[in-house]
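Secondary and tertiary structure notes
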Amino acid sequence: MSRTARFAATRIGWSLPLILTVVALNFSLIHLAPGDPLTYLVGDPTLVTAEQLAQARAELELDKPLWRQFVAYMGALLRGDLGFSIVNRRPVLRLILERLPATVLLMAASLVLSLLAGLAMGFVSALRPRSPTDYALGVVSLVGYSMPPFWFGLVLILVFALSLEWFPTMGMATLGQDLGFWSRTVDVSHHLVLPAVTLATYYTAIYTRVIRTSLLGVLRQPFLTTAHAKGLGWPSVYLKHAARNALIPVVTFFGLQVGFMFTGSILTEIVFAWPGLGMLTVNALLQRDYPLILGIFLVSSVCVVLGNLLTDLLYGVVDPRIRV
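Residues numbered from 1 in each chain as written. Predicted model: local features only at pLDDT ≥ 70, side-chain atom pairs only at ≥ 80, totals over all residues. Heavy atoms only, no water.

Looking at the packing of helix H7 (residues 149–163) against helix H8 (residues 181–219)
Where H7 meets H8, the closest approach of the two axes is 9 Å, and the angle between their N-to-C directions is 145 degrees. H8 is crossed by H7, and the crossing has right-handed handedness. Of H8, the residues touching H7 (which contributes Pro 149, Phe 152, Gly 153, Leu 156, Phe 160 and Ala 161) are Leu 194, Val 197, Thr 198 and Thr 201. Looking at the contact of H7 with H8, its residues break down into seven nonpolar, three polar and no charged. (Axes fitted to C-alpha atoms, helices over the stretch in contact; angles between N-to-C directions. Helix = DSSP H or I, 4+ residues; strand = E, 2+ residues; numbered from the N terminus. Left-handed = near helix turned anticlockwise from the far one by under 90°. Contact = heavy atoms within 4.5 Å. Nonpolar A, V, L, I, M, F, W, Y, C, P; charged D, E, K, R; others polar.)

A few points about the side chain of His 191
With respect to the helices and strands, the residue His 191 is situated in helix H8. The class of His 191 is buried, set by a relative accessible area of 8%. Among all residues touching His 191, those that are not within four sequence positions of it are Pro 168, Met 170, Gly 171, Met 172, Ala 173, Thr 174 and Trp 274. (Buried < 20%, exposed > 50% of the residue type's maximum accessible area, 1.4 Å probe, protein only.)

Structural notes on the pattern of salt bridges
Counted under the stated rule, the structure contains two salt bridges. Close ionic contact of Arg 90 with Glu 98 constitutes a salt bridge, the shortest N to O distance being 2.3 Å. Between Arg 212 and Asp 134 there is a salt bridge, and its shortest N-O distance comes to 2.8 Å. Here the residue Arg 212 occupies a position in helix H8, and Asp 134 occupies one in helix H6 (residues 132–146), the gap between them amounting to 78 residues. (Salt bridge = Lys/Arg side-chain N within 4 Å of Asp/Glu carboxyl O.)

A word on the packing of helix H5 (residues 92–127) against helix H12 (residues 277–287)
Interaxial distance between H5 and H12 falls to 8 Å at its minimum, and their mutual angle equals 135 degrees. Comparing their axes, H12 and H5 come out oblique. Of the residues in H12, those touching H5 at Leu 95, Ile 96, Arg 99, Leu 100 and Thr 103 are Leu 277, Gly 278, Met 279 and Leu 280. Class assignment of the residues belonging to the contact of H5 with H12 gives a composition of six nonpolar, two polar and one charged. (Parallel < 35°, antiparallel > 145°, perpendicular 65-115°, else oblique.)

So, the environment of Val 112
Positionally, Val 112 belongs in helix H5. Considered as a pair, Val 112 and Ala 196 are 84 residues apart in the sequence and their alpha carbons are 9.6 Å apart.

Some thoughts on a nonpolar patch on the surface
A grouping of Phe 150, Trp 151, Leu 154, Leu 267 and Ile 270 is seen on the molecular surface, where their side chains present a nonpolar patch of about 470 Å² in accessible area. Elements that contribute at least two residues to the nonpolar patch include exactly H7 and helix H11 (248–271). Take Leu 267: it is sitting in helix H11. (Patch = residues over 30% accessible without salt bridge, like charges linked within 9 Å, V, L, I, M, F, W, Y side chains within 5 Å. Areas by Shrake-Rupley, 256 points an atom, 1.4 Å probe, with all protein chains shown as cover.)

Let's talk about unusual backbone geometry
We note that Arg 89 has phi near 55 degrees; this positive angle belongs to a residue other than glycine. Phi is positive for Arg 288, close to 55 degrees, though the residue is something other than glycine.

What about the nonpolar core?
Among the nonpolar cores identified, the biggest contains 23 residues, and Val 23, Tyr 73, Leu 77, Ile 96 and Leu 292 are the most heavily contacted of them. At eight residues, helix H13 (residues 290–318) tops the list of elements feeding residues into this core. Leu 292 has contacts with Ser 85, Asn 88, Val 92, Leu 95, Ile 96, Leu 280 and Ala 284, leaving out every residue within four places of it along the chain. Tyr 203, Leu 215, Val 250 and Phe 253 belong to the second largest nonpolar core, which has 16 residues in total. (Core = buried A, V, L, I, M, F, W, Y, C linked by side-chain atoms within 4.5 Å.)

Notes on the side chain of Gln 69
Its place among the elements puts Gln 69 in helix H4 (residues 66–78). When neighbours within four sequence positions are excluded, Gln 69 is seen to be in contact with Phe 27, His 31, Glu 61, Leu 62 and Lys 64.

Some details on H7
The terminal C-alpha atoms of H7 lie 20 Å apart, and with 15 residues this matches the ideal 21 Å at 1.5 Å per residue to within 8%. The sharpest bend along H7 reaches about 30 degrees and sits at Ile 157. Those residues of H7 lying buried are Phe 152, Gly 153, Leu 156, Ile 157 and Ala 161. (Expected span 1.5 Å × (residues − 1). Bend = angle between axes of the 7 residues up to and from the residue.)

With respect to the environment of Phe 160
Tracing the sequence through the fold places Phe 160 in helix H7. Along the backbone, Phe 160 and Leu 194 are 34 residues apart, and their C-alpha atoms lie at a distance of 8.5 Å. Residue contacts for Phe 160: discarding those within four places in its chain leaves Glu 165, Trp 166, Phe 167 and Leu 194.

Honestly, it's all geometry; don't read function into it.
This is how it looks when you write it as structure tokens:
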């Protein structure tokens, strides 16, 4: 087994107790919250008798002590069974896997967009410090960081969807059309633009400030003076030597973004009616669907762990000294 594989296996092994602790905490908090699935299923409690409520609670195993419910859930979880959705009457894992591709698509598009735009803006700002360009990019990044995503999404819908009619207002694809592969790809990409821009704006602002600060520190290092003295060209000095040494903070934030963007995409998915895990999470919370909520929170916790693992692995790629 290679050193990288051993490191990844060790890091995952360390993370398992943390994930189990998070699962226990989520289970306790969810069951301590007021209400239960029967509150949503029954609706008006005056329409059913107390005996019918007790029978329904027994069928859903909600009448058992909380510690027994937790032991049963952990036993099923260790077997790879995330449970059965009380409201949807379907396996939790299947519901999550159905919605996961839409969320991953939105996350990937916003990740790439925010990373490319943030690196470009931060690089230009660092090469021209205290210039009008630097001040203008600083104002843009401050505005992008300050705007709430749900508000910015609504503004984009009003301007580009309702007024200019350049993009659709909601959804992931046009309904009622039988499209081929390439036509459907274009259609999905057309629907993806506004949600991806909404989600990427906040992270673009952070990348801009992070890369600017990091690159300004690197540009003062003696090895760049040596590179200039050796007669190296502009691309070699700034792109190969300066940019690579300035990427460590960017990699750190990139890993955090991968781990936490799932929770940040919930509001964006709601605004644009994007059929991903965000909409599924909101519906599960409103319906008090305990197994589905726990399954979604577990996926979110795993994403955080994988994001941290990806960060550690990328450190060794960017800086060979860390690999040693």
